[in-house]
Amino acid sequence: MTQLVHFYQTGTFTAGNRLLDPEDRSIQSSMERFNSLTSGHRACQGCGEALGARYAVDAAMRAVNGRLAAANATGCLEVFSTPYPETSWQLPWFHSLFGNTAAVATGMAAAFRMRAKKTGKPMTRVIAQGGDGGTTDIGFGCLSGMFERNDDVLYICYDNEAYMNTGVQRSSATPPAARTATTQIAGSEPGNAWGQGKDVPLIAMAHGIPYVATATVADLRDLERKVEKAMSIHGARYIHIFVPCPLGWGAPSGKTVEIARLAAETGLFPVFEAEYGEVTHARKIRRLRPVEDYLKMQKRFAHLFGKKGDPATVARIQAVADRNIERFGLLDGEEDKEMIIPVPAQADARTQAR
């Protein structure tokens, strides 16, 4: 059962843990947390990915009483957490190639299932982790195969909207008009092109898998809850976490959480849950904000403002946010809009058979 937490400071998003019973507090406020990603790693100051991974993996560990192993794609998370010969991981952790993380995790899950069957001991569960490059681009085929087979893996994508580890190149998760090393401020439409990219949460839903969710590092209790829910389910699950990158986005390192919150409060990043291809819950926007508030905090969008600004492009981005708000029913007072995705008739049966 989810407890309603009241915000007690006017004009802020603070929910003090002192108002909650110890058993209702977040994982990271507990002395019994696993510290799966412990201190000493080399993430940049203000790294949203490090914050998201710390909470997500500890939530998964708590959900399965520590019986957890992880497959991790090449990328920022792998590089800053495991500079040879060191590691910041305190759980069984496997570094896969850039593009085969979902497949490797599938093999790990199969091996753990067979071992549990032979020994009679509780089964070790598996998560797969990757950034948007290793998920939406290079590893997309293996990920789709994992979904199609309904393998018993939770795949977590930490989306910082570009290939940050190799120099901030564009990925298929990079938003329109954003400047990267490969989408420079040039031409009639500066920055990343429009009409490209992938919305992997919706693609995951189209596979009819048991659980899909999005989350941000601005609401870590929501993130913990969704990971714990995902670990209570068998079959393929997917969580897409929005993790701002101060270095790649040109944003102050102390503004990571605020930027993530603005992404949700503008409607640019809808926060929702779905089961078997249908949205079951969407996080309502508490205080609707214009997209300018989000864009102006990041140098990758600086060309859209100032003397040589581009109000037409800002209006196009606002239209994207408005479409998300309407599509997911993100404003209070609106009825939740149903998003119907074809669900395979055998979806329930194949999950129950596990």
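Looking at an unreviewed UniProt entry, one finds the protein named Thiamine pyrophosphate enzyme TPP-binding domain-containing protein and attributed to Sutterella wadsworthensis HGA0223.

*Asks:* Describe the overall build of the protein, with residues and values.
*Replies:* Per the secondary structure count, the protein includes 12 helices and 8 strands. Across the 354 residues in the protein, those meeting the buried criterion constitute 50%. Of the contacts formed within the protein by residues at least 6 apart in sequence, a portion of 70% connects residues at least 24 apart. Carbon and sulfur atoms form 53% of the exposed surface of the protein, whose accessible area is close to 16,300 Å².

*Asks:* I'd like to hear about the sheet that holds strand 3 (residues 125-131), residue by residue, with values.
*Replies:* Reading across the sheet, the 8 strands line up as 2-1-3-4-6-5-7-8 and stay open at both edges, with mixed pairing between neighbours. Among the strands making up the open sheet, the edge pair consists of strand 2 (93-95) and strand 8 (278-282). Strand after strand, the sheet turns through a mean of 20° between neighbouring axes, direction not considered. Of the pairings in the sheet, the one linking strand 1 (residues 68-72) to strand 2 comprises 3 bridges and is parallel in character. Each bridged residue has a counterpart across the sheet, and for Asn72 the counterpart in strand 2 is His95.

*Asks:* Tell me about the packing of aromatic side chains, and name the residues and values.
*Replies:* Counted under the stated rule, the structure contains 7 aromatic pairs. Judged by centre distance (5.8 Å) and plane angle (85°), the rings of Phe147 and Tyr238 are edge-to-face. Of this pair, Phe147 sits in helix 5 (residues 140-149) while Tyr238 sits in strand 6 (residues 237-242); the two residues are 91 residues apart in sequence, bridging distant segments of the chain. When its relative accessible area of 1% is taken as the criterion, Phe147 is described as buried. Take Tyr238: its relative accessible area is 0%, and that puts it in the buried class. Here Arg300 stacks its cationic end above the ring of Trp249, 3.8 Å away from the centre of that ring. Looking at Arg316, its charged tip hangs above the ring of Trp194, at a distance of 4.0 Å from the centre.

*Asks:* Tell me what's going on with the pairing of strand 6, and back it up with residues and numbers.
*Replies:* Counting buried residues in strand 6 gives 6 out of 6 residues, a clear majority hidden from the surface. Going residue by residue along strand 6, you find Arg237, Ile239 and Ile241 tucked away on one face and Tyr238, His240 and Phe242 tucked away on the opposite face as well. Examined bridge by bridge, strand 4 (residues 154-159) and strand 6 share 6 bridges and lie parallel to one another. Among the inter-strand pairings, Cys157 is bridged to a residue of strand 6, identified as His240. Summarising the sheet, strand 5 (residues 211-216) and strand 6 pair through 6 bridges and their orientation is parallel. Its bridge partner lying in strand 6, Ala213 is registered against Ile239. The handedness of the strand 5 to strand 6 crossover, carried by helix 7 (residues 220-231), is right-handed.

*Asks:* Can you explain the pairing of strand 3? Please cite residues and give values.
*Replies:* With 6 of its 7 residues buried, strand 3 lies for the most part within the structure. Note that strand 1 and strand 3 share 5 bridges and pair parallel. Across the sheet, the residue bridging to Leu68 is Arg125, located in strand 3. Pairing geometry for strand 3 and strand 4, over 5 bridges, is parallel. Note that in strand 4 the partner of Gly130 across the bridge is Cys157.

*Asks:* Outline the nonpolar core, supporting the account with residue identities and numerical values.
*Replies:* One finds Leu68, Tyr158, Val227 and Ile241 to be the most contacted residues of the largest nonpolar core, which totals 62 residues. Here this core takes 8 residues from helix 1 (residues 48-63), the largest share from any one element. Among residues more than four places away in sequence, those in contact with Leu68 are Val57, Ala60, Met61, Leu91, Pro92, Thr124, Arg125, Val126, Ile127 and Met231. Counting residues in hydrophobic clusters, the runner-up holds 32 residues, among them Ala69, Val153, Val200 and Ile209.

*Asks:* Quick one: what's the story with the environment of Leu154, residue by residue and with numbers?
*Replies:* Residue position: Leu154 is located in strand 4. As for Leu154 and Val212, which are separated by 58 residues in sequence, their C-alpha atoms are 9.6 Å apart. Not counting residues up to four positions away in its chain, the partners in contact with Leu154 are Val126, Ile127, Ala128, Val227, Ala230, Met231, Arg237, Tyr238 and Ile239.

*Asks:* Requested: an account of the pattern of salt bridges, with residues and values cited.
*Replies:* Counted according to the given criterion, the structure contains 17 salt bridges. Of the charged contacts in the structure, one is a salt bridge between Arg62 and Glu228, with a shortest N-O distance of 2.8 Å. Here the residue Arg62 occupies a position in helix 1, and Glu228 occupies one in helix 7, the gap between them amounting to 166 residues. Arg225 is the partner of Glu273 in a salt bridge, and the nearest nitrogen-oxygen pair spans 3.0 Å. Of this pair, Glu273 sits in strand 7 (residues 272-275) while Arg225 is found in helix 7, placing the two residues 48 residues apart along the sequence. Among the residues examined, Glu273 registers a relative accessible area of 3% and is labelled buried. Using a relative accessible area of 26% as the deciding quantity, one classes Arg225 as partly exposed.

Conventions and cut-offs
Residues numbered from 1 in each chain as written. Predicted model: local features only at pLDDT ≥ 70, side-chain atom pairs only at ≥ 80, totals over all residues. Heavy atoms only, no water. Helix = DSSP H or I, 4+ residues; strand = E, 2+ residues; numbered from the N terminus. Buried < 20%, exposed > 50% of the residue type's maximum accessible area, 1.4 Å probe, protein only. Contact = heavy atoms within 4.5 Å. Areas by Shrake-Rupley, 256 points an atom, 1.4 Å probe, with all protein chains shown as cover. Pairing = 2+ DSSP bridges. Axes fitted to C-alpha atoms, helices over the stretch in contact; angles between N-to-C directions. Phe/Tyr/Trp six-rings, centres within 6.5 Å; stacked < 30°, edge-to-face > 60°. Lys NZ or Arg CZ within 6 Å of the ring centre and 35° of its normal. Right-handed = clockwise from strand over helix to strand, strands pointing away. Core = buried A, V, L, I, M, F, W, Y, C linked by side-chain atoms within 4.5 Å. Salt bridge = Lys/Arg side-chain N within 4 Å of Asp/Glu carboxyl O.

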